[in-house]
Amino acid sequence: QHAENYVPIKVRNSLVPVCNIGSTLGIPLALIGFALGFEPLVTVGLVLYAAISVFHLVTLPVEFNASRRAISVIDATNLLYDDETGGAKKVLKAAAMTYVASTIVALANLLRFVLRFNNRRN
């Protein structure tokens, strides 16, 4: 992907610094903003935390593409015996699906925090 300048991996890698900040400061800032009654700080915290969900969404095509590429290499090079190929494809698909699960969890957590702070505000 890097050698072929695959655009989704470039986008994903560009989000890493923001996600590092978001995962460290997002919820603490939102909690502090909520405790102080300073709504803009809550919003900043949740936006930083939302970057994590965006990162997960952008990671999906990267991981599915990586699994497809791996299967292509396995098939093209006869790297595995025929009876092993099916298992390898299942494992690669399962690995990609872990990213789907983590994306769902990230989105659910974001929704939970947004609803929690929104309900407390009302």
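Residues numbered from 1 in each chain as written. Predicted model: local features only at pLDDT ≥ 70, side-chain atom pairs only at ≥ 80, totals over all residues. Heavy atoms only, no water.

A.B. asks: Would you mind going over the packing of helix α1 (residues 7-36) against helix α2 (residues 39-77) with me for this structure?
C.D. replies: Geometrically, a packed helix pair is captured by the angle between its two axes and the distance between the axes. For the pair α1 and α2, the least separation of the axes is 6 Å and the interaxial angle reads 150 degrees. In terms of orientation, α1 lies roughly antiparallel with respect to α2. Along this stretch, α1 crosses α2, giving a crossing that reads as left-handed. When its residues are assigned to classes, the contact of α1 with α2 shows 26 nonpolar, 6 polar and 1 charged. (Axes fitted to C-alpha atoms, helices over the stretch in contact; angles between N-to-C directions. Helix = DSSP H or I, 4+ residues; strand = E, 2+ residues; numbered from the N terminus. Parallel < 35°, antiparallel > 145°, perpendicular 65-115°, else oblique. Left-handed = near helix turned anticlockwise from the far one by under 90°. Nonpolar A, V, L, I, M, F, W, Y, C, P; charged D, E, K, R; others polar.)

A.B. asks: Just checking my understanding: could you explain the packing of aromatic side chains for this structure?
C.D. replies: In this description, a pair of aromatic rings is defined by centroid distance and the angle of the planes. For the structure shown, the criterion picks out 2 aromatic pairs. Each ring, one from Y49 and one from F113, has its centre 5.2 Å from the other, and the planes form 85 degrees; the classification is edge-to-face. Of this pair, Y49 sits in helix α2 while F113 sits in helix α3 (residues 82-121), and the two are 64 residues apart along the sequence. Geometry around Y6 places R69 over its ring, the cationic atom sitting 5.5 Å from the centre. Here the basic side chain of R112 rests over the ring of F113, its NZ or CZ set 4.5 Å away from the ring centre. (Phe/Tyr/Trp six-rings, centres within 6.5 Å; stacked < 30°, edge-to-face > 60°. Lys NZ or Arg CZ within 6 Å of the ring centre and 35° of its normal.)

A.B. asks: Can you help me understand the nonpolar core in this one?
C.D. replies: Soluble globular proteins tend to pack their nonpolar side chains together in the buried interior. Counting 9 residues, the largest nonpolar core consists of I27, A30, V42, L46, Y49, I52, L110, F113 and F117. Broken down by secondary-structure element, the contributors of at least two residues to this core are α1, α2 and α3. When residues of this core are assigned to their parent elements, the largest contribution, 4 residues, is made by α2. Other than its neighbours up to four places away in sequence, I27 contacts G45, L46, Y49 and F113. Judged by nonpolar contacts, the second largest core, of 5 residues, contains L15, A51, F55 and V58. (Core = buried A, V, L, I, M, F, W, Y, C linked by side-chain atoms within 4.5 Å. Buried < 20%, exposed > 50% of the residue type's maximum accessible area, 1.4 Å probe, protein only. Contact = heavy atoms within 4.5 Å.)

A.B. asks: What's the story with a nonpolar patch on the surface in this structure? I'm lost.
C.D. replies: Together, I32, L36 and F38 line one region of the surface with nonpolar side chains, adding up to about 330 Å² of accessible area. Examined against the element boundaries, I32 turns out to sit in helix α1. (Patch = residues over 30% accessible without salt bridge, like charges linked within 9 Å, V, L, I, M, F, W, Y side chains within 5 Å. Areas by Shrake-Rupley, 256 points an atom, 1.4 Å probe, with all protein chains shown as cover. Salt bridge = Lys/Arg side-chain N within 4 Å of Asp/Glu carboxyl O.)

A.B. asks: What is the right way to look at unusual backbone geometry in this model?
C.D. replies: Most peptide bonds take the trans configuration, and most residues that are not glycine carry a negative phi. Look at N5: it is not a glycine, yet its phi comes out positive at around 50 degrees. Positionally, N5 belongs in the segment before α1. Given a relative accessible area of 48%, N5 falls into the partly exposed group. Of note, the phi angle at N78 is positive, near 50 degrees, even though the residue is not glycine. Looking at the element boundaries, N78 is found in the loop between α2 and α3. The class of N78 is exposed, set by a relative accessible area of 63%.

A.B. asks: Would you mind going over the side chain of N65 with me for this structure?
C.D. replies: Mapped onto the elements, N65 comes out in helix α2. One polar contact links N65 to Q1, side chain to side chain, over a distance of 2.9 Å. Side chain to side chain, N65 and R69 meet in a polar contact 2.4 Å long. If sequence neighbours within four positions are ignored, N65 has contacts with Q1 and Y6. (Polar contact = N/O pair within 3.5 Å; in protein donor to acceptor, adjacent residues only side chain to side chain.)

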